Amino acid sequence: LSCRTVRTVDEARSFLEGRRADGARVGVVPTMGALHEGHLALVREAKRLSDEVVVTIFVNPTQFGPGEDYERYPRDLAADTQLATSAGATLIFAPTVAEMYPPGEQTRVVVEGFSQGMCGSSRPGHFVGVATVVTKLFHIVGPGKYFFGQKDYQQWRLIERMARDLAFPVQVIGCATVREEDGLAMSSRNAYLEPNDRARAAQIPRALQSVIDAFRDGERDSDVLRTMVEEVLKGDFSIDYVETRHPETWEVVSGVFEPPLLLGVAARLPGARLIDNVVLSSNTSDVVEEPR
Ligand code: PAF
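What you see is a predicted model; the values in this text were computed from it and never measured. (Residues numbered from 1 in each chain as written. Predicted model: local features only at pLDDT ≥ 70, side-chain atom pairs only at ≥ 80, totals over all residues. Heavy atoms only, no water.)

Trainee: Which parts of the structure should I look at to understand the overall build of the protein?
Mentor: Scanning the protein from N- to C-terminus turns up ten helices and nine strands. Projected onto the principal axes, the alpha-carbon positions of the protein cover approximately 55 × 40 × 40 Å. Within the protein, the proportion of its 292 residues that are buried is 54%. Counting only contacts in the protein whose residues sit at least 6 apart along the sequence, the fraction spanning at least 24 positions is 74%. (Helix = DSSP H or I, 4+ residues; strand = E, 2+ residues; numbered from the N terminus. Buried < 20%, exposed > 50% of the residue type's maximum accessible area, 1.4 Å probe, protein only. Contact = heavy atoms within 4.5 Å.)

Given below as structure tokens:
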């Protein structure tokens, strides 16, 4: 297995221009490193649909707020390169901060609707940082299929909208959330949790599973569903939000709803802030395996 690593915009561009000239289809998985099975599922999907599989690794400072985990975010390029390569990556683009934010830079990208509510409210400025860095990646890495995890549902929708609004020559593909055995959505931040809190974290997918069960039993009041989640989490977690929205129009939903309905949650344990979501529709799948 061989995988090339490039650290500059010029190197990434000239290599990928060459590959495209040879007819290669390019698939891209943008990440901040600390790769886990969720990322690797994206890399494998990219591999299935492309010839050149680019994994970008960049801990993007502009999407972290003051007091968040930018400094302590795990960074291990050698381990990430090995994992990405074993899943099929053929190019790692791992730029420095100065390469992505040249001295004197002063440009930001704002996506209005999808940055409202949920993580947009609890992490002010976060989605400006995400939209800005992803715009740069689109321009540097160029045309192709870009893969994002649906664990970050709001991020995926926002990027999809931005790509359409700004006519980027890219296809944005959302992939299903990959979960641990107990249902916890995989996240690089799970590693911050002490063993006790790691066990408690599984209450999030269990709460979502009870929402799915209630929905299947005919519950169509979104207030009831949100309350179910709040009741489960309020003991051990500090809840940032439990919100229900229409997954495509992004309108807030309260009271009785017609599917599809997005229910998103963000809640904190001592070591980490965790997010998860479920979209309720006729083909919703379970998030926790039986028995529960
Ligand atoms: O989801 C992430 O890892 C990041 O938000 C992304 C999309 C790589 C932008 O920095």
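Trainee: Mind showing me how you'd approach the sheet that holds strand β8 (residues 261–268) here?
Mentor: Strand order in the open sheet formed by three strands is β7-β8-β9, and the pairing between neighbours is antiparallel. Here the strands that pair on one side only, and so sit at the sheet edges, are β7 (238–245) and β9 (273–280). Ignoring which end each strand starts from, the neighbouring axes of this sheet average 10° apart. For β7 and β8, the ladder comprises seven bridges, and the chain directions are antiparallel. For V242, the partnering residue across the bridge sits in β8 and is V265. (Pairing = 2+ DSSP bridges. Axes fitted to C-alpha atoms, helices over the stretch in contact; angles between N-to-C directions.)

Trainee: Any chance you could explain the site of the ligand here in plain terms?
Mentor: Residues in contact with the ligand, as listed here, are P30, T31, M32, N60, Q63, V133, F148 and Q155. Between an oxygen atom of the ligand and a side-chain N or O atom of Q63, the distance comes to 2.6 Å. Here the ligand has 290 Å² of accessible area as a free molecule, and 89% of this is covered by the chains. For the shell around the ligand, the class distribution of residues is four nonpolar, four polar and no charged. (Near = heavy atom within 4 Å. Polar contact = N/O pair within 3.5 Å; in protein donor to acceptor, adjacent residues only side chain to side chain. Areas by Shrake-Rupley, 256 points an atom, 1.4 Å probe, with all protein chains shown as cover. Nonpolar A, V, L, I, M, F, W, Y, C, P; charged D, E, K, R; others polar.)

Trainee: Got a minute to help me understand the layout of surface pockets in this structure?
Mentor: Gaps left between atoms show up when a probe the size of a water molecule is rolled over them. Approximately 360 Å³ is the volume found for the second largest pocket. When residues of the lining of the second largest pocket are traced back to their parent elements, those giving at least two are α7 (153–165) and β9. The residue inventory of the lining of the second largest pocket, partitioned by class, reads six nonpolar, seven polar and three charged. (1 Å grid on protein atoms, 1.4 Å probe; cavity = no way out; pocket = protein on both sides within 12 Å on 5 of 7 lines; lining within 4 Å. Points joined across faces, edges and corners; volume = space filled by probe spheres on them.)

Trainee: How should I be thinking about the packing of aromatic side chains in this particular structure?
Mentor: Applying the stated criterion across every chain yields a total of eight aromatic pairs. When the centroid spacing of 4.6 Å and the interplanar angle of 80° are considered together, the rings of F138 and Y146 count as edge-to-face. For F138, a relative accessible area of 4% puts it in the buried group. Here the aromatic residues F64, Y70 and Y73 are joined through ring pairs into a cluster of three or more. When the ring centre of Y192 is taken as origin, the NZ or CZ atom of R72, which lies over that ring, is 4.0 Å away. (Phe/Tyr/Trp six-rings, centres within 6.5 Å; stacked < 30°, edge-to-face > 60°. Lys NZ or Arg CZ within 6 Å of the ring centre and 35° of its normal.)

Trainee: Is there a simple way to explain the pattern of salt bridges in this structure?
Mentor: When charged atoms on two side chains of opposite charge get close, those side chains can pair. Tallied over the full model, the rule gives 21 salt bridges. The closest approach of N and O atoms between R157 and E248, which form a salt bridge, is 3.3 Å. On the criterion of sequence distance, the pair formed by R157 in helix α7 and E248 in the loop between β7 and β8 is long-range, its members being 91 residues apart. By relative accessible area, E248 is classed as partly exposed at 46%. (Salt bridge = Lys/Arg side-chain N within 4 Å of Asp/Glu carboxyl O.)

Trainee: Can you help me understand the pairing of strand β6 (residues 170–175) in this one?
Mentor: Moving residue by residue along a regular strand, the side chains alternate between the two faces of the sheet. Here strand β5 (residues 144–149) runs beside β6; their pairing, made up of six bridges, is parallel. Note that in β6 the partner of G149 across the bridge is C175.

Trainee: Quick question: what am I supposed to make of the environment of I173 here?
Mentor: Residue position: I173 is located in strand β6. Residue classification places I173 among the buried positions, given a relative accessible area of 19%. Spatially, the C-alpha atom of I173 lies 31 Å from that of M228, the residues being 55 residues apart in sequence. Excluding residues that lie within four positions of it along the chain, I173 makes contacts with K145, Y146, F147, F148 and W156.

Trainee: Would you explain α7 in this entry?
Mentor: Counting along an α-helix, one turn takes 3.6 residues, and residues three or four places apart therefore face a common direction. The terminal C-alpha atoms of α7 lie 18 Å apart, and with 13 residues this matches the ideal 18 Å at 1.5 Å per residue to within 8%. Remark: A167 follows α7 within two positions and exhibits a positive phi of approximately 55°. (Expected span 1.5 Å × (residues − 1).)

Trainee: Even after reading the chapter, I still don't get the side chain of R179, so can you show me in this structure?
Mentor: Locating R179 in the fold gives a position in the loop between β6 and α8 (195–201). A polar contact of 2.9 Å, which involves the side chain of R179, links it to the side chain of D276. Discounting chain neighbours no more than four positions away, the residues touching R179 are L184, A185, M186, P205, D276, N277 and V287.

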